[in-house]
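Summary of the model geometry
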Amino acid sequence: MRFGSTLKIAFRALRRNKLRSALTALGIIIGVAAVIAMVGIGNGAKAQVESQIASLGENIILIFSGSTTASGIRTGWGGAGTLKVEDAEAIRRELPGVTAVSEEVSSTSQIAAGNQNWFTRVLGESAEYFDIRQWALSNGAPFTPQDVRSANKVCVIGATTASQIFGSDDPIGQTLRVKNVPFTVTGVLTSKGLSAQGSDQDDVLIMPFTSAMKRITGGTTLRSINVQVANASDLDPTQQQIISLLRQRHGIRVDREDDFTVRTQKEIADTATATTDVMTGLLGAIAGVSLVVGGIGIMNIMLVSVTERTREIGTRMAVGAHGRDILTQFLIEAVSLSAVGGLLGIILGVGVSKALSIWKEWPSLISPTSIVVALLVSAAVGIFFGFYLREPLLGSIQSMPCATSE
Amino acid sequence: MSANGAAVIQLIGVEKTYRAGEMEVRAVRGISLEICRGEFVALMGSSGSGKSTLMNMLGALDRPTAGRYLLDGIDVSQLSRDQLADIRNGKLGFVFQSFNLLPRTSARENVELPLLYGKHQLTNQQLREKADRVLAAVGLQGREDHHPSQLSGGQQQRVAIARALINGPEVLLADEPTGNLDSRTSIEIMGIFQELNDRGITIVMVTHEQDIASYARRNVVMRDGSVQSDIAVAQPLIAKTELGKVATADDQPTA
């Protein structure tokens, strides 16, 4: 029955101390905004990394030739030529879930055309590579399976390579030299930007792996094999099938380690996002501290104001307030400060995340969880306050006659 | 003793003992007293005489340790804390020495305060109308929006009187109402009290100034927790006349 009046009383008291109310709410505003903005930034960074990983293509399994130990020296991935072209063909032929396979060899080389030259990464791939990586051409056409079979001297170049060698000229049909072997450019790839590791994915030249092996690297083994499966659910079974197939083909005894490494795209993504998860957690924790400090600030100011306002409490009791009315009034004051602070904090936090995402060109990611957590904390401040302040409040209510008679 | 009605306040053997550690302080030692409707009583005594303790009990701020206190027929000494609060809200009005107005709050909102703690929930419009009417009755028309810091001491005490009157109390209790005021303003406040008393409001006022007490119709003097004397004032001073004298004597205090 009295609640409406108590509400009125509490709001009048808050209005009476505008500056104090504003400063008190500021603690919560900053705390909540910090949590939302920091978690938003963390999530934005994570999404950025994820989209870079996704630029590898969808449902990919990567097979690297393994490390080898020669005279006690271990060479690391790709160090030993354990993967053969026939391995890739076996995978293509024997495993049902596989939709595309690309044999890959890789080297770096000086390339030249006319009076321009450029140092770039040279990849040998199958014609399916462009499908696997979902990498469209901005100009021209990719090389064909026929080019691969015949080891033709054709290539596709990345956007960076194209501009370095040919400037603004149209590269299609032009000839460039890789290690003095002339290649005809059939297409230019669309730009993919930086990779998750920060290298320029467009600084590349891609030719049929057969041409690369025959004319550039001179080897007979593959650096890696890119495999694409139809569905994400095929990733794990296919990974197992590849391992057993390759062990069998390589004649590896049961007690020996694989001489190759199989990684699914998901594993690579998990590793990369683990880092950003740690960062998000760290940022969130730091912001959480400021939220807690803001909450304690509200309680502290309320506590101080209870002792400051014993005289006011006495006056209120003298004109007929019940102890409960006083308690409720202070509770409403604290709850509305934290509620208003929480709401303003959410607006500020969302605003800051949006501004940062525009500035940093990150995807804007405001996590609903962080908003809920921030709201819960500011609500908890109000509720905890009730218990925290009961003692001093009741104390000043007991001592009321002295306060009024001066 | 102008007993022109039934007793509104009845004290029967009221005692109050404070315990301060080992010490027992008997502040009020068995007082029996009747105050009738329409009386204007000044409660006097030196400090330590127990008049403030008695006033706290009369004001239902404190319960007696022994004896009975009947206010308007209700035994206040038996009531719970919240029931006492309701009595203070509905049947009593308080005026304090230091006014006890809420700072940074308009005169109107200060006067509305007891209404907010009352039984009936009123609309803002009703609150405002009631408060403005009472403020006008104590001569503060046009000052409704002033904050205490913008009002003189006398004006602040008028706001406090308006606040005490807003719920139509049985008894107006004033604790040293002129203690913080100059003598001219004190007489003005006494004028308001006499006006209210003429309209039938019962007033009990604590004071230690003899000249202020002589505006009341009955003087109760306390000493060491008991009533020392209880006399009717033969010829109460009339505030209007005294104010006229002050006006002609200009700044001379009326001592």
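Shown above is the structure to which this text applies.
This text gives an overview of the structure that appears in the document. (Residues numbered from 1 in each chain as written. Chains lettered and ligands numbered in written order. Predicted model: local features only at pLDDT ≥ 70, side-chain atom pairs only at ≥ 80, totals over all residues. Heavy atoms only, no water.)

**Focus on the interface of chain A and chain B**
Note the following rule: Residues count as neighbours in contact if any of their non-hydrogen atoms are within 4.5 Å of one another. What counts as buried area is the accessible surface, traced by a 1.4 Å probe, that two parts surrender upon association, with contributions from both included. Counted as salt bridges are all cases of a side-chain nitrogen of Lys or Arg within 4 Å of a carboxyl oxygen of Asp or Glu.
Counting from both sides, the interface comprises 31 residues of chain A and, opposite them, 29 residues of chain B. Both faces considered, chain A and chain B share a buried interface measuring about 2,800 Å² in area, 48% of it formed by carbon and sulfur atoms. On the chain A side of the interface with chain B, the three residues burying the most area are Arg12, Arg16 and Val319 of chain A, jointly 22% of the side's total. Residue Arg12 of chain A pairs with Glu112 of chain B through a salt bridge whose shortest N-O separation is 2.7 Å.

**With respect to the sheet that holds strand E7 (residues 171–175) of chain B**
Residue and element names in this part refer to chain B. Note the cut-off: Pairs of strands are assigned from DSSP output, requiring at least two bridges between the strands. Numbered from the N terminus, helices here are DSSP runs of H or I no shorter than four residues, and strands are runs of E no shorter than two. Lines fitted to C-alpha atoms define the axes, with helix axes restricted to the stretch in contact, and inter-axis angles between N-to-C directions lie between 0 and 180 degrees.
Pairing is mixed across the open sheet formed by 6 strands, whose spatial order is E6-E7-E8-E3-E9-E10. Two strands close off the open sheet at either side, each with one partner strand: strand E6 (92–95) and strand E10 (226–232). Neighbouring strand axes in the sheet, compared pairwise and without regard to direction, differ in orientation by 20 degrees on average. Where strand E3 (residues 40–44) and strand E8 (residues 202–206) come together, 4 bridges link them in parallel fashion. For Ala42, the partnering residue across the bridge sits in E8 and is Met205.

**Overview of the environment of Leu394 of chain A**
Mapped onto the elements of the fold, Leu394 of chain A is located in helix H12 (residues 368–398). Sequence separation between Leu394 of chain A and Ile216 of chain A is 178 residues, and the spatial gap between their C-alpha atoms is 88 Å.

**Things to note about the pairing of E8 of chain B**
Residues and elements named next belong to chain B. Note the threshold: Under the scheme applied here, a residue whose accessible area is under 20% of the maximum for its type counts as buried, over 50% as exposed, and between as partly exposed, the area being computed with a 1.4 Å probe on protein chains only. The path from the first strand over the helix to the second decides the hand: if it runs clockwise while the strands point away from the viewer, the crossover is right-handed.
Judged by how many residues are buried, E8 sits mostly within the fold: 5 of 5 residues are covered. Here E8 shows a buried face lined by Thr202, Val204 and Val206 and a second buried face lined by Ile203 and Met205. Note: E7 against E8, 5 bridges, orientation parallel. Residue Val171 lies in a different strand from E8, and its bridge partner there is Thr202. Crossover connection from E7 via helix H6 (residues 183–198) to parallel E8: handedness right-handed.

**Topic: the packing of helix H1 (residues 3–16) of chain A against helix H11 (residues 323–360) of chain A**
The description of two packed helices rests on the angle between their axes and on the distance between the axes. All names here are of chain A. Formally: Roughly parallel covers angles under 35 degrees, roughly antiparallel covers those over 145, roughly perpendicular covers 65 to 115, and oblique covers all other angles. Two helices cross in a left-handed way if the nearer one is turned anticlockwise from the farther one by less than a right angle. They cross in a right-handed way if the turn is clockwise. Classes in brief: Ala, Val, Leu, Ile, Met, Phe, Trp, Tyr, Cys and Pro nonpolar; Asp, Glu, Lys and Arg charged; the others, Gly included, polar.
The contact between H1 and H11 brings their axes to 9 Å, and the two run at 60 degrees. The orientation of H1 relative to H11 falls into the category oblique. In the crossing of H1 with H11, the sense of the turn from one axis to the other is right-handed. For the pair H1 and H11, contact is made by Phe3, Thr6, Leu7, Ile9, Ala10, Phe11, Ala13 and Leu14 and by Asp325, Thr328, Gln329, Ile332, Glu333, Ser336 and Leu337, respectively. Each residue belonging to the contact of H1 with H11 can be placed in one class, and the counts come to 9 nonpolar, 4 polar and 2 charged.

**Quick word on a nonpolar patch on the surface**
Residue and element names in this part refer to chain A. Quick reminder of the rule: Residues qualify for a patch when their relative accessible area is over 30% and they have no salt bridge, like charges being joined within 9 Å and the nonpolar side chains of Val, Leu, Ile, Met, Phe, Trp and Tyr within 5 Å. The accessible surface values rely on the Shrake-Rupley method and a 1.4 Å probe; as for residues, cover is taken only from the protein chains in view.
Where nonpolar side chains cluster on the molecular surface, the patch consists of Leu19, Leu23, Leu26 and Ile30 and spans about 400 Å² of accessible area. Take Ile30: it is sitting in helix H2 (residues 18–54). Judged by its relative accessible area of 47%, Ile30 is partly exposed.

**A word on the sheet that holds strand E4 (residues 66–71) of chain B**
All names here are of chain B. Taken in spatial order, the 4 strands make up an open sheet running E2-E1-E4-E5, and their pairing is antiparallel. What marks the edges here is a single partner per strand, and that holds for strand E2 (23–36) and strand E5 (74–75). Bridge count between strand E1 (residues 7–20) and E2: 10 bridges; the pairing is antiparallel. By the bridge assignment for E2, Arg19 is matched with Glu24.

**Quick word on helix H3 (residues 107–116) of chain B**
Burial of H3 of chain B is extensive: 10 of the 10 residues sit out of reach of the surface. If you check which residues of H3 of chain B are buried, you get Ala107, Arg108, Glu109, Asn110, Val111, Glu112, Leu113, Pro114, Leu115 and Leu116 of chain B. Its buried side turned inward, H3 of chain B meets H1 and helix H10 (310–318) of chain A together with helix H2 (81–90), helix H4 (124–137) and helix H5 (153–165) of chain B.

**Considerations on the environment of Ala100 of chain A**
Residue and element names in this part refer to chain A. The residue Ala100 is located in strand E5 (residues 98–113) in this model. The class of Ala100 is buried, set by a relative accessible area of 7%. In this structure, the C-alpha to C-alpha distance between Ala100 and Asn226, residues 126 residues apart in sequence, is 8.2 Å.

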